[in-house]
Amino acid sequence: MAPRLPRPTVSRLGIKLFLIILLVNVVIAGLVFLSVSRSLDRGFIEYLETTQANRAERLAEGLGEEWARRGGWQWLRNSPPAWHRLVRQQLWPGERRPPHGIERRLGDARDFVLHDAEGLPVIGLPPDEREHGDAPDLEWLPIVHDGERVGTLGYRPPRQLLARMEHVFLGRQQRNLGIVVAALGLASLLLAGGLAWWLGRRTHGMALATQRLTEGDYSTRLPERGRDELARLAHDFNVLAATLEASREARSRWVSDIAHELRTPLSVLRGEIEAMQDGIRTLDANGLHSLGQEVGQLERLVADLRLLSQSDAGALEVQLAPLNLTDSLTSRLDEARGWLADSGLTLTTDIPGPAWIRGDARRLRQLWTNLLDNSCAYTHSPGRLEVRLEGLADRVRVVWEDSAPGVPEASLPKLTERLYRVEDSRSRASGGSGLGLSIAGALIKAHGGTLTPSNSPLGGLRWTLEFPRLDAAG
């Protein structure tokens, strides 16, 4: 059993996600804070300036009426505390107490000053500001009664009031921003922790499966949950594992089949030689001919194996040149007519021409020979073999089909596998090593074509060969 990987206690991916999410949230919070603060600062100050100006106008109008009723400003000089009551009555008539918060702060009587018609102070600045020599920049409004200027009202603009409250405002905003950042940090921690746990569990399973795969356990599979990238990665991993498992099984079967194919002629050779050594058979021409046949079988098998290995390595020797496929196919079939007749097969052809491709005449002859061998070996006598050539727009198609017996649908995709036979009984009794169709597939692939098996209307097997067409003769 493959060793299990230790479950990680800290996910590096989770830490990275946490830091990224936290940083993004903090940056967004900061940008939002600056933008909102700037917007509020401008709009709020404009609102306060308009409000303060309206209150100052209303207070100036009320002070003019109060001047006429009292006959001057001397009563305010004699009783300064009455100034606070007067301001409150003029700005918030009918209310016993002014509202709280910024509204009250902007309507504070200490932020207003009153001068008489000669410009002499009636109500001045608070004592603390006079003592420190502060000289605020005030806004002034005339106090008029019946067209006569009876005094001047000064009021502190909102900007100065806000400057005095700046440290309080900034403290509150900083505290609020700290709360927002802490909340975002907590949300980021929870989010990153959940993502880290979810990704850590899935990636740990992938790491464990990958280790098993590298150790040769190709049966391991990953669960495919969802439709995200991790699910597709798990699917690709499973496809890779299944491919490696099938490749290992095929390699094992391939080695076993090769050993079997080599053992048969070697056993015959050993038996023949031992019989001659024991004097059971004489060392004559017939005995040597029998030995030569087995050696030839071994040579053909080794040559076929070499060709397939060259094809797998991409080193198959193919000299492609302009070639008329009609001539190549017709020539080989004409040579094989007597051979087919001896096997009880009737050949019918429909091969119009010319049909130009880029091909290797020697390799194509080998391709036709392998197909002929297959038809002769597996077609019952009397039987039929039909070959026709079809010229298409961008390719040339050769249809090769014979009569019964046929091949089950499930076995069609496996026909070009090496050493594959539809039935175990179809072994050396039918001739061949089981590599002919694999070699045919390799040869047509080297020509850039395709080889597709299907069932034939004649009751046997149909092979459809397609080659890229070469325009123009020559």
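One structure accompanies this document, and this report is about it. (Residues numbered from 1 in each chain as written. Predicted model: local features only at pLDDT ≥ 70, side-chain atom pairs only at ≥ 80, totals over all residues. Heavy atoms only, no water.)

### Section: the sheet that holds strand 9 (residues 395–403)
Here is step 1: Read across the sheet, five strands follow the order 6-8-9-11-10 without closing on themselves; strand pairing throughout is mixed. The strands lining the two open edges of the sheet, one partner per strand, are strand 6 (345–350) and strand 10 (450–455). In this sheet, adjacent strand axes meet at a mean angle of 15° when their direction is disregarded.
Here is step 2: Note: strand 10 against strand 11 (residues 459–468), six bridges, orientation antiparallel. (Pairing = 2+ DSSP bridges. Helix = DSSP H or I, 4+ residues; strand = E, 2+ residues; numbered from the N terminus. Axes fitted to C-alpha atoms, helices over the stretch in contact; angles between N-to-C directions.)

### Regarding the sheet that holds strand 4 (residues 148–155)
Here is step 1: Strand order in the open sheet formed by four strands is 2-1-4-3, and the pairing between neighbours is antiparallel. Pairing within the sheet leaves two strands with one partner each, and these edge strands are strand 2 (121–123) and strand 3 (139–145). When the angles between neighbouring strand axes are averaged without regard to direction, this sheet yields 30°.
Here is step 2: Sheet analysis places strand 3 next to strand 4, joined by seven bridges and oriented antiparallel.

### Structural notes on the nonpolar core
Here is step 1: Core analysis: the biggest nonpolar cluster contains 44 residues, and Leu325, Leu367, Trp368, Trp400, Trp463, Leu465 and Phe467 have the highest contact counts within it.
Here is step 2: Counting 23 residues, the second-largest nonpolar core is a separate cluster that includes Trp73, Trp75, Leu91 and Ala109. (Core = buried A, V, L, I, M, F, W, Y, C linked by side-chain atoms within 4.5 Å. Buried < 20%, exposed > 50% of the residue type's maximum accessible area, 1.4 Å probe, protein only.)

### Looking at helix 12 (residues 436–446)
Here is step 1: Among the residues making up helix 12, those that are buried are Leu437, Ser438, Ile439, Ala440, Ala442, Leu443 and Ile444.
Here is step 2: Positive backbone phi, at 75°, marks Gly448, one or two positions downstream of helix 12.

### A short note on the pattern of salt bridges
Here is step 1: One pass over the structure, following the stated rule, counts 16 salt bridges.
Here is step 2: For Arg77, the salt bridge is made with Asp116, and the minimal N-O distance between the two is 2.8 Å. Of this pair, Arg77 sits in helix 2 (residues 74–78) while Asp116 sits in strand 1 (residues 112–116), placing them 39 residues apart in sequence.
Here is step 3: Look at Arg77 and you get partly exposed, because its relative accessible area is 32%.
Here is step 4: A salt bridge links Glu401 to Arg462, with the shortest nitrogen-to-oxygen separation between them at 3.2 Å. (Salt bridge = Lys/Arg side-chain N within 4 Å of Asp/Glu carboxyl O.)

### Thoughts on the packing of helix 10 (residues 325–342) against helix 11 (residues 361–378)
The description of two helices packed together rests on the angle between their axes and the distance between the axes.
Here is step 1: The geometry of helix 10 relative to helix 11 is characterised by a closest axis approach of 10 Å and an angle of 35° between their N-to-C directions. Classified by chirality, the crossing of helix 11 by helix 10 is right-handed. Between helix 10, through Leu325, Ser328, Leu329, Arg332, Leu333, Glu335, Ala336, Trp339 and Leu340, and helix 11, the contact on the second element is made entirely by Leu364, Arg365, Trp368, Thr369, Leu372, Asp373 and Cys376.
Here is step 2: Of the residues assigned to the contact of helix 10 with helix 11, the class counts are ten nonpolar, two polar and four charged. (Left-handed = near helix turned anticlockwise from the far one by under 90°. Contact = heavy atoms within 4.5 Å. Nonpolar A, V, L, I, M, F, W, Y, C, P; charged D, E, K, R; others polar.)

Shape descriptors only; they carry no functional weight alone.
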